[in-house]
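Each chain is listed here by its residues.
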Amino acid sequence: NTPPISVHPADTESTVIVANPARIVVCGVVYAANLGDGVIAECMSYVLKKHWPDTPVHHLDLSTRENYGETAVTGKSLILAILRNSPKFINNAIVSVGLKVFLMRKAAPAWAEFFKLGDVLVVGGGHLLSDFNLNFPSKLELLTRFAKISGANLGLHAVGVSSGWSKRAIMLFDKVLARCSAASVRDEKSFANLKQQLPSVTLKPWIARDPGYLAH
C-alpha cells in the first residue's frame, strides 16, 4: 500500500510531504486563461520536484485542457454571449446540461484511465472549493472518486473556500474531503467558510501560504 499523505503545517515552502510516491499529480485549473492559476500550479510542481527529484510530477486540468492557451469549450465566446442575454433559469439550465455532458463525455473517460496505484494527487491552489452552478463540486467529486478507486492518495493544498454553497455542493464537497488524507486552505476566511459549511468534517485543515508566493 502507498503510505498516506502527511503535511507539515510549519513548512511554508513545501506543498505536501509524501512518502515514496510513484507519481505526483498536481490538479487545478492549471491551463485556464487566468495566468495566476498556471503560476500556482508551476510553483507547486517546482517545490515537489525539489523535494522528490526522481519522482514524475504531472499536471491535470479540471477542464481536461492539456496546454496553455487551449480552450476548454468550443464556441465559448458565443455560449457566453447567449448566457449573458438569457433569463437566469435558462442560464442555469444551459450550464447544468453542459456540465453533465462534459463530465460524461470528456472528464469521466479521461480520468478513469489516468490514475494508477501509488499516485499522489494534490488538488490545490486557486479558489476551488466554490459553488458556481456545481462546477467545481461536480468535477472534484468525479476526479477524487476515480483517484480513490485507483488506490491513489489524495490531499488538498492551499485552496480557497467560498461561502454560500448549495445543499448539493455541500454533499459533493463532503465526499471530496472524506477521500482526502490531508487538507489546507489559503486564508482565515477560507478556513471559517469550510468549518461553517462542513462542520462535521473529520479532517483537521490548517492555513497554508498560497503557492503563488513562491514566484519570486
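Visitor: Which parts of the structure should I look at to understand the layout of surface pockets?
Guide: To find leftover empty space, a probe the size of one water molecule is rolled over the atoms. Space inside the second largest pocket adds up to approximately 290 Å³. Contributing to the lining of the second largest pocket are 15 residues, with Leu 99, Lys 100, Leu 103, Ser 138 and Arg 168 lying nearest its centre. Mapped by element, the contributors of at least two residues to the lining of the second largest pocket are α3 (88-114), α4 (135-150) and α5 (167-178). The biggest single contributor to the lining of the second largest pocket is α3, with six residues.

Visitor: Explain the packing of α4 against α5 to me, please; I cannot follow it from the model alone.
Guide: To characterise two packed helices, one gives the angle between the axes of the helices and the distance between these axes. One way to put it is that α4 packs onto α5 with a least axis distance of 9 Å and a crossing angle of 30 degrees. By the angle class used here, α4 and α5 are roughly parallel. The chirality of how α4 crosses α5 is left-handed. Note on element contacts: α5 touches α4 through Ala 169, Leu 172, Phe 173, Lys 175 and Val 176, opposite Phe 136, Pro 137, Ser 138, Leu 140, Glu 141 and Thr 144.

Visitor: I tried to follow unusual backbone geometry on my own but got confused; where do I start?
Guide: In most cases, non-glycine residues show a negative phi, while peptide bonds are predominantly trans. Backbone geometry places Thr 64, a non-glycine residue, at a positive phi of 65 degrees. When you line up the elements, Thr 64 lands in the loop between β2 (57-61) and α2 (76-84). Assessed through its relative accessible area of 17%, Thr 64 is described here as buried. Of note, Ala 158 is a non-glycine position whose phi angle comes to about 50 degrees, a positive value. Here Ala 158 is to be found in strand β4 (residues 153-159).

Visitor: Just checking my understanding: could you explain α3 for this structure?
Guide: Spacing of three or four residues puts side chains on the same side of an α-helix, whose turn is 3.6 residues. Between the first and last C-alpha of α3 there are 36 Å, a value that for 27 residues agrees with the 39 Å anticipated at 1.5 Å per step. Of all bends in α3, the biggest is about 45 degrees, found at Ala 107, and the proline Pro 109 comes one to four residues later. Taken together, the buried positions of α3 are occupied by Asn 91, Leu 99, Phe 102, Leu 103, Ala 107, Ala 108, Trp 111 and Phe 114.

Visitor: Quick question: what am I supposed to make of the packing of aromatic side chains here?
Guide: Within a pair of aromatic rings, the relevant descriptors are the distance that separates the centres and the angle that separates the planes. The tally for this structure, following the rule as stated, stands at three aromatic pairs. Note on Phe 114 and Phe 115: the rings are 5.2 Å apart at their centroids and 85 degrees apart in plane angle, and the pair reads as edge-to-face. Here Phe 114 and Phe 115 have matching classes, each one buried. Aromatic side chains Trp 165 and Phe 173 sit 4.5 Å apart centroid to centroid with 45 degrees between the ring planes, which places their arrangement in the tilted category. Pair check on accessibility: Trp 165 and Phe 173 agree, each one buried.

Visitor: Got a minute to help me understand the pattern of salt bridges in this structure?
Guide: Side chains bearing opposite charge may pair, as long as their charged atoms lie close to each other. Applying the stated criterion to the full structure yields six salt bridges. Between Asp 119 and Arg 23 there is a salt bridge whose closest N-O contact spans 2.6 Å. You can see Asp 119 sitting in strand β3 (residues 119-124) and its partner Arg 23 sitting in strand β1 (residues 23-28), a full 96 residues away along the chain. Where Asp 61 meets Arg 65, a salt bridge forms, and the shortest distance between an N and an O atom there is 3.1 Å. On the accessibility criterion, Arg 65 (10% relative accessible area) is buried.

Visitor: Looking at this model, I keep getting lost on the side chain of Gln 197. Mind explaining?
Guide: Summarising the element assignment, Gln 197 is placed in helix α6 (residues 188-197). Within the structure, the side chain of Gln 197 is placed 2.9 Å from the backbone oxygen of Ser 162, a separation counted as a polar contact.

Visitor: Is there a simple way to explain empty space enclosed by the protein in this structure?
Guide: Tallying each qualifying case throughout the model produces one cavity of 30 Å³ or more. Space inside the largest cavity adds up to approximately 40 Å³. In terms of lining, the largest cavity is formed by Val 26, Cys 27, Gly 28, Val 29, Val 30, Asp 37, Ile 40, Ala 41, Gly 124 and Gly 125. When residues of the lining of the largest cavity are traced back to their parent elements, those giving at least two are β1 and α1 (35-51). Across the lining of the largest cavity, the residue classes break down as six nonpolar, three polar and one charged.

Rules used in this analysis
- Residue indices follow the written sequence of each chain, beginning from 1 at its first position.
- Restriction of local features to residues with pLDDT of at least 70 applies here, the model being predicted, together with a cutoff of 80 or more for giving and counting side-chain atom pairs; totals for whole chains, interfaces and linings are based on all residues.
- The basis for every side-chain value is the complete set of non-hydrogen atoms in the structure, without hydrogens or water.
- Cavities and pockets were defined on a 1 Å grid built from protein atoms only: a cavity is a group of points that admits a 1.4 Å probe but offers it no way out, a pocket is an open group of points flanked by protein on both sides within 12 Å along at least five of seven lines, and a lining residue is one with an atom within 4 Å of any such point.
- Grid points are joined across faces, edges and corners, and a volume is the space filled by probe spheres set on the points.
- A run of H or I in DSSP counts as a helix once it spans at least four residues, and a run of E counts as a strand once it spans at least two, with each numbered from the N terminus.
- For helices, the fitted line uses only the C-alpha atoms of the stretch in contact; every axis is such a line through C-alpha atoms, and the angle between N-to-C directions lies from 0 to 180 degrees.
- Here roughly perpendicular refers to angles of 65 to 115 degrees, roughly parallel to angles under 35, roughly antiparallel to angles over 145, and oblique to all remaining angles.
- Note on convention: the crossing is left-handed when the near helix lies turned anticlockwise from the far helix by less than a right angle, right-handed when the turn is clockwise.
- We call two residues in contact whenever any of their non-hydrogen atoms come within 4.5 Å of each other.
- Type-normalised accessible area, obtained with a 1.4 Å probe on protein chains alone, sets the label of each residue: buried when under 20%, exposed when over 50%, and partly exposed for intermediate values.
- To estimate how far a helix should reach, multiply one less than its number of residues by 1.5 Å.
- One axis is fitted to the seven residues ending at the residue and one to the seven starting there. The bend at that residue is the angle between these axes.
- Stacked, tilted and edge-to-face are the three classes applied to pairs of Phe, Tyr and Trp rings, where Trp contributes its six-membered ring and a pair requires centres within 6.5 Å; stacked means planes under 30 degrees apart, edge-to-face means over 60, and tilted covers the rest.
- Here, a salt bridge means any Lys or Arg side-chain nitrogen found within 4 Å of an Asp or Glu carboxyl oxygen.
- Under this definition, polar contacts are N or O atom pairs within 3.5 Å; protein pairs additionally need one hydrogen-donor-capable and one acceptor-capable atom, and for neighbouring residues in sequence, both atoms have to be side-chain atoms.
- Charged means Asp, Glu, Lys or Arg here, nonpolar means Ala, Val, Leu, Ile, Met, Phe, Trp, Tyr, Cys or Pro, and polar covers whatever is left, Gly included.

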